[in-house]
Structures are given as structure tokens and as C-alpha cells.
Amino acid sequence: AQSVTQLGSHVSVSEGALVLLRCNYSSSVPPYLFWYVQYPNQGLQLLLKYTTGATLVKGINGFEAEFKKSETSFHLTKPSAHMSDAAEYFCAVRELAGGTSYGKLTFGQGTILTVHP
Amino acid sequence: KAGVTQTPRYLIKTRGQQVTLSCSPISGHRSVSWYQQTPGQGLQFLFEYFSETQRNKGNFPGRFSGRQFSNSRSEMNVSTLELGDSALYLCASSLGLAVYEQYFGPGTRLTVT
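Residues numbered from 1 in each chain as written. Chains lettered and ligands numbered in written order. Predicted model: local features only at pLDDT ≥ 70, side-chain atom pairs only at ≥ 80, totals over all residues. Heavy atoms only, no water.

A. Examining the interface of chain A and chain B more closely. Listed per partner, the contact involves 22 residues of chain A and 23 residues of chain B. Both faces considered, chain A and chain B share a buried interface measuring about 2000 Å² in area, 55% of it formed by carbon and sulfur atoms. Where chain A touches chain B, the interface holds two salt bridges. Between Arg-94 of chain A and Glu-48 of chain B there is a salt bridge whose closest N-O contact spans 3.3 Å. For the pair chain A and chain B, the interface holds five residue pairs in polar contact (both at pLDDT 80 or more). (Contact = heavy atoms within 4.5 Å. Buried area = accessible area lost by both parts, 1.4 Å probe. Salt bridge = Lys/Arg side-chain N within 4 Å of Asp/Glu carboxyl O. Polar contact = N/O pair within 3.5 Å; in protein donor to acceptor, adjacent residues only side chain to side chain.)

Here it is as C-alpha cells:
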């Protein structure tokens, strides 16, 4: 079974500082990787995804992530944090069931990002 | 295009009762997945439906069931509610075959007393 580990349940940065949220996965086959954000009392919003091709993927709100197969990592970054980035972030890997395109998302435990003024 | 909608948004039930939650996917999406979110266990996969057929199931007891209708709308049912079933239940939809991103609804907050 695939698994996802997010290093650091809480990350705190100052406004304008670099945001780095870490995600490592385990998979025996090429994975499909995602980052989602969740604001209080809301569902999950897709930030970005990696399926195939370019390993550096850009998402919404200035976020990007780089797929590193050798490190089994998919860390999320943003050059300059904004107060509105404060939320919980989830890394997820999509499993493929039985060789079909169906499957489930396996999530990490989440990282709460706090942005200080 | 409207997003994924879930009803009701909040629900309070008593232990032993049953509950039905509803999900309407994004127009044109044929796959619906359900997830349970709790502070202790995080986000856990319940099941996935495509074309009215359950394609995948998570590790939950048989008290948790679901179905999908011909218009892709989905319902999940939990029978004989337990206190531990208190959670945010999230529905996600995707186009289905060969499309991998899932779009989530706002969730239904179920409280079991």
C-alpha cells in the first residue's frame, strides 16, 4: 500500500518569507501526486498535481512543487507567504487499482501553516 | 460551472440511528468518492463510484454503504451510528477514466451524541 508522510504537523513563517512544506511518499510504481489546501470549515481545494512530464509543477496562488523520484519527495513551496495562505495543507498520492484508472487518494496527515505579520 | 455540493452541511444524530448524506458532483463528472476526516485518523477513503458501480472500497465496516444514481449523484449511508462516526464527510468528484484530479465539496459535519 502506498503511504504519504508530511514532515512537520505545524509550520510557522513570517509574511513575505519562503514557504516550504515537505511531503514524502512510498510507491512501487510511478505515482500521481497532489497538494490540497483546506481552510477552516471548508472542503479541500486542489493546489496542484503531478501526473507525468515536467517534474516542476505550478499551481494556484503562487505555489509550486517539484517531483523528485530519487528522493520520493513532492515538496510544496511558495517564494513569499501571504496572510491568506494560513490554512492546512495535504499531500496526497493517487493509487491505481487493478491497472485501471480508478483509485483512491491516500493523504498525508496534513501540515498547518501559520503566517505571522 | 457549479462545484460539488453536499447536503446537509451539518447533522446531529443520536447513537444507534442511521444517516444518509448526499453529494451532487460537478456537471459532467461521472466518478464520486467519499472520504471521512477526523482529527485522530485524518482523511480516510471510504469508497468510489463510477457509472453506478462501486469501483473501490476502503477499510470501513459494513455499516458504511453508498450508491450512485444514473445522474452521477451519490449518497452514503451509515447505519447504527457510533460516537466514533462523528466526522467531516467529504465527497469528491472527477471526470472519471484517465482523469486523476478530484474536486471536493464542502463536506457534511456529522455529530453523533
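B. Representation of the sheet that holds strand S7 (residues 64-68) of chain B in the model. Residues and elements named next belong to chain B. Spatially, S1-S3-S8-S7 is the arrangement adopted by the four strands of the open sheet, whose pairing is antiparallel. At either margin of the open sheet sits one strand with a lone partner, and together these are strand S1 (5-7) and S7. In this sheet, neighbouring strand axes are inclined to one another by 20° on average, regardless of whether the strands run parallel or antiparallel. In this sheet, strand S8 (residues 74-78) lies alongside S7 in antiparallel orientation, the contact comprising five bridges. Paired with Phe-64 across the strands is Val-78, a residue of S8. (Pairing = 2+ DSSP bridges. Helix = DSSP H or I, 4+ residues; strand = E, 2+ residues; numbered from the N terminus. Axes fitted to C-alpha atoms, helices over the stretch in contact; angles between N-to-C directions.)

C. Structural view of the pairing of strand S6 (residues 53-57) of chain B. All names here are of chain B. Relative to S6, strand S5 (residues 42-50) runs antiparallel, the two being bridged by four bridges. Paired with Phe-50 across the two strands is Thr-53, which belongs to S6. Connecting the antiparallel pair S5 and S6 is a turn made up of two residues, with Ser-51 showing a positive phi of about 50°.

D. Representation of the packing of aromatic side chains. Summed over the entire model, instances satisfying the criterion amount to 13 aromatic pairs over all chains. Aromatic side chains Phe-90 of chain A and Phe-107 of chain A sit 6.3 Å apart centroid to centroid with 90° between the ring planes, which places their arrangement in the edge-to-face category. Taken as a pair, Phe-90 of chain A in strand S9 (residues 87-94) and Phe-107 of chain A in strand S10 (residues 105-107) lie far apart in primary sequence, 17 residues in all. Among the residues examined, Phe-90 of chain A registers a relative accessible area of 2% and is labelled buried. Look at Phe-107 of chain A and you get buried, because its relative accessible area is 7%. Among the aromatic residues, those joined into a cluster by ring pairs are Phe-34, Tyr-36, Phe-90 and Phe-107 of chain A together with Tyr-35, Phe-45 and Phe-104 of chain B. (Phe/Tyr/Trp six-rings, centres within 6.5 Å; stacked < 30°, edge-to-face > 60°. Buried < 20%, exposed > 50% of the residue type's maximum accessible area, 1.4 Å probe, protein only.)

E. Focus on the pattern of salt bridges. Scanning all chains against the criterion turns up eight salt bridges over all chains. For Lys-58 of chain A, the salt bridge goes to Glu-64 of chain A, with nearest N and O atoms at 2.7 Å. Since its relative accessible area comes to 64%, Lys-58 of chain A is described here as exposed. In this structure, Arg-63 of chain B and Asp-85 of chain B form a salt bridge, with 2.8 Å as the shortest nitrogen-oxygen distance.

F. Looking closely at the state of the cysteines. Residues and elements named next belong to chain A. Taken as a whole and judged by the stated rule, the model has two disulfides over all chains. Two residues, Cys-23 and Cys-91, share a disulfide whose sulfurs are 2.0 Å apart. When the S-S torsion is -65°, as for the bridge of Cys-23 with Cys-91, the disulfide is left-handed. In this pair, Cys-23 is assigned in strand S3 (residues 19-26) and Cys-91 in strand S9, connecting sequence segments 68 residues apart. Cys-91 matches Cys-23 in its accessibility class, with the two residues each being buried. (Disulfide = S-S within 2.5 Å.)

G. Highlighting the layout of surface pockets. Considered as a void within the structure, the largest pocket measures approximately 290 Å³ in volume. What lines the largest pocket is a set of 15 residues, among which Gln-38, Glu-88 and Phe-90 of chain A together with Gln-37 and Arg-109 of chain B lie closest to the centre. Elements that contribute at least two residues to the lining of the largest pocket include exactly S9 of chain A together with strand S4 (31-38) of chain B. By residue number, the principal contributor to the lining of the largest pocket is S9 of chain A, which donates three residues. When grouped by side-chain class, the residues that make up the lining of the largest pocket number six nonpolar, seven polar and two charged. Here the second largest pocket defines a volume of roughly 250 Å³. Taken together, 15 residues make up the lining of the second largest pocket; nearest its centre are Lys-104 and Thr-106 of chain A together with Leu-43, Gln-44 and Phe-45 of chain B. If you tally residues by element for the lining of the second largest pocket, the top one is S5 of chain B, at four residues. (1 Å grid on protein atoms, 1.4 Å probe; cavity = no way out; pocket = protein on both sides within 12 Å on 5 of 7 lines; lining within 4 Å. Points joined across faces, edges and corners; volume = space filled by probe spheres on them. Nonpolar A, V, L, I, M, F, W, Y, C, P; charged D, E, K, R; others polar.)

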